[in-house]
Each structure stands twice: as C-alpha cells, then as structure tokens.
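Now for the letters of each chain:
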Amino acid sequence: MKNKSSGIGCALVLVVLALFALGKFLFTTPAGLIIVGLVVGGIWYSVVARKKENKAKLIAAFETNAIILTDIAAGKGTDMIGGLSLNKGETAIYACQNVALTEYQSTGSSYSGTSGGISFPLVGRVRGNVGMQGGQITKNPEQLMIVDEGRAVFTNQRIIFSGAKFVRDWDFDKIVDLVPGDNGFNVRIAVTNRERTSGLQALSPFDFGPGFPASYAFNLHSQGDAAAKQWAAELIAEINKVAESLRVTQSR
C-alpha cells in the first residue's frame, strides 16, 4: 500500500511541476506568448463566427416566418394537410409536419426522513441504527416535458396533433387559455375538459413554430376572417422590421 501511494504521490508532483513549467514557458517567453495569443485569437474568432452564423440563421428564420404567415393569411397554407377528416363547416388552415407535443408530467418523488433510534458501530467506521425510522415521500413538482413528436393541423375549429404515441384534439370552443411563446416557437393550451395544460413546440428554434398558426387559427375562430388577416399583417410587418434590424447589425 505504501509503495502504491508513494507512486501516486510522485506522479502528482511530476504533473504539478510539468504544469508549472508549461505555464512559465507560455507566459514568460516570446514563443509562449505567441502561442497564447494564437489560442485566444482562435477562440475569439470561433465565438464571433458562431454568433454570426446563428444571427444569419435567425434572419433566415424570420424571413421564412413572414412568408409562411403571408401564405396562411392568403389561404395557401393547406398544401400538406393530407387526408384529415374535417367536421361540417371546418376549414383546414395549415399543417406543421414536425412538432413536439408537450405536457406537464411528474418527475417522481423525493423521500426525507429522520431516525429515532440508536446509532452503533458495526465494522470499522460503518454504523447501524436500531429503532424507529420516520419520514415522508413528497411528490416532485410537475414539469413541462416533450412526450411525443408528430404533425399538427390547424383549422378554423380546432388543433389536431397526431404522433407516434398520442393523439390530441384541442377544440377552440373549449379553450380557456392559449399562450404563444416568443417568435412563435411554442404554444401552451388549456382547455375545459383536461386538468393539465399541454401544448406544442418546434423541434428547432429556427423552425416555423406552431405558436403562429395556432394564434392565427384561434383569432380566425373567435374574431373572424378580417380580424385574423389584420393580426397577421401586423405581425408580418413586425417580423420584417426585426429581420431588417438584424441585417443592419450583421453587416457591421
């Protein structure tokens, strides 16, 4: 045991000395400072390039969102609806082909307890307890989680999700709360016939999110065609304004 411990100790000392020598070389010699400069410069360039790439993707996403919303308001968003069975008086508006279904679910339970007995030694430093053990199991708070992936169809009467595991149908007449997220990335929906709030979200922050068509469809159902088109026009103008602002900063 002593020989093994001594070997590990010597190895650690050698590692510390090597790191000290490397640091001294990097920060006290011209060649070392050049290496440090190149590494720092490379990291800085990589970070800046990644930011520019993400900004370019965001600009492209905004432009795509404006185009799709324009098509939806013009009644041209029904090309990929497929063979959906519609109710009487129901009109299809748009279909998101790749979205996630989100629902609040429990993350399990936690146990907390106290001992009311006597602690005594068993072997070496291991101890045991004799007597009463008290405690309780507490259910953890529910969290909004992705439970399935599939297709969502938006009509003037409802939203229908069809995935590999679940099917969900949100009737607009039963919706008590519909909250779209930033940039239309997601939407949370509460209805009278379900205890838990559920919703939909895009699989990527750069995709056309379900929050946009959900809001348009709900406006169409509750306020009528003219109001829905006006809402879309104002949102499209705002999206284009943000995209233009990003383009200006991108070119600097």
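Residues numbered from 1 in each chain as written. Predicted model: local features only at pLDDT ≥ 70, side-chain atom pairs only at ≥ 80, totals over all residues. Heavy atoms only, no water.

Undergrad: Residue-level account of the pattern of salt bridges, with values.
TA: Summed over the entire model, instances satisfying the criterion amount to 7 salt bridges. The salt bridge partner of Glu-53 is Lys-57, with a shortest N-O separation of 3.7 Å. Separated by 4 residues within a single helix, Glu-53 and Lys-57 lie in helix α2 (residues 30-73), roughly one turn from each other. According to the relative accessible area criterion, Glu-53 is partly exposed, its value standing at 38%. When salt bridges that share partners are traced, they join Glu-63, Glu-244 and Arg-247 into one network. (Salt bridge = Lys/Arg side-chain N within 4 Å of Asp/Glu carboxyl O. Helix = DSSP H or I, 4+ residues; strand = E, 2+ residues; numbered from the N terminus. Buried < 20%, exposed > 50% of the residue type's maximum accessible area, 1.4 Å probe, protein only.)

Undergrad: Got a sec to walk through the pairing of strand β8 (residues 167-171)? Specific residues and values, please.
TA: Burial along β8 is one-sided: the face carrying Arg-168 and Trp-170 is buried and the face carrying Val-167, Asp-169 and Asp-171 is not. Bridging between strand β7 (residues 158-163) and β8 involves 5 bridges; their strand directions are antiparallel. Bridge assignment links Arg-158 to a residue of β8, and that residue is Asp-171. (Pairing = 2+ DSSP bridges.)

Undergrad: Break down unusual backbone geometry for me, citing the residues and quoting the values.
TA: A positive phi angle, close to 55°, is found at Asn-183, a residue other than glycine. Mapped onto the secondary structure, Asn-183 falls in the loop between β9 (175-180) and β10 (186-191). Its relative accessible area of 44% is what places Asn-183 among the partly exposed residues.

Undergrad: I'd like to hear about the packing of aromatic side chains, residue by residue, with values.
TA: Applying the stated criterion to the full structure yields 4 aromatic pairs. A ring pair is formed by Phe-208 and Phe-212, whose centres lie 5.6 Å apart and whose planes are at 35°; its orientation type is tilted. You'll find Phe-208 and Phe-212 in the same group, each marked buried. (Phe/Tyr/Trp six-rings, centres within 6.5 Å; stacked < 30°, edge-to-face > 60°.)

Undergrad: Can you explain the packing of helix α3 (residues 211-223) against helix α4 (residues 225-250)? Please cite residues and give values.
TA: Working note: a packed helix pair is described by the angle between its axes plus the distance between those axes. Following both chains from N to C, one finds α3 and α4 inclined at 150°, their axes separated by 7 Å at the closest point. By the angle between their axes, α3 is roughly antiparallel relative to α4. For the pair α3 and α4, the sense of crossing is right-handed. Contacts between α3 and α4 involve Phe-212, Ser-215, Tyr-216, Asn-219, Leu-220 and Gln-223 on the former and, on the latter, Asp-225, Ala-227, Ala-228, Lys-229, Trp-231, Ala-232, Leu-235 and Ile-239. Grouping the amino acids of the contact of α3 with α4 by side-chain chemistry returns 9 nonpolar, 3 polar and 2 charged. (Axes fitted to C-alpha atoms, helices over the stretch in contact; angles between N-to-C directions. Parallel < 35°, antiparallel > 145°, perpendicular 65-115°, else oblique. Left-handed = near helix turned anticlockwise from the far one by under 90°. Contact = heavy atoms within 4.5 Å. Nonpolar A, V, L, I, M, F, W, Y, C, P; charged D, E, K, R; others polar.)

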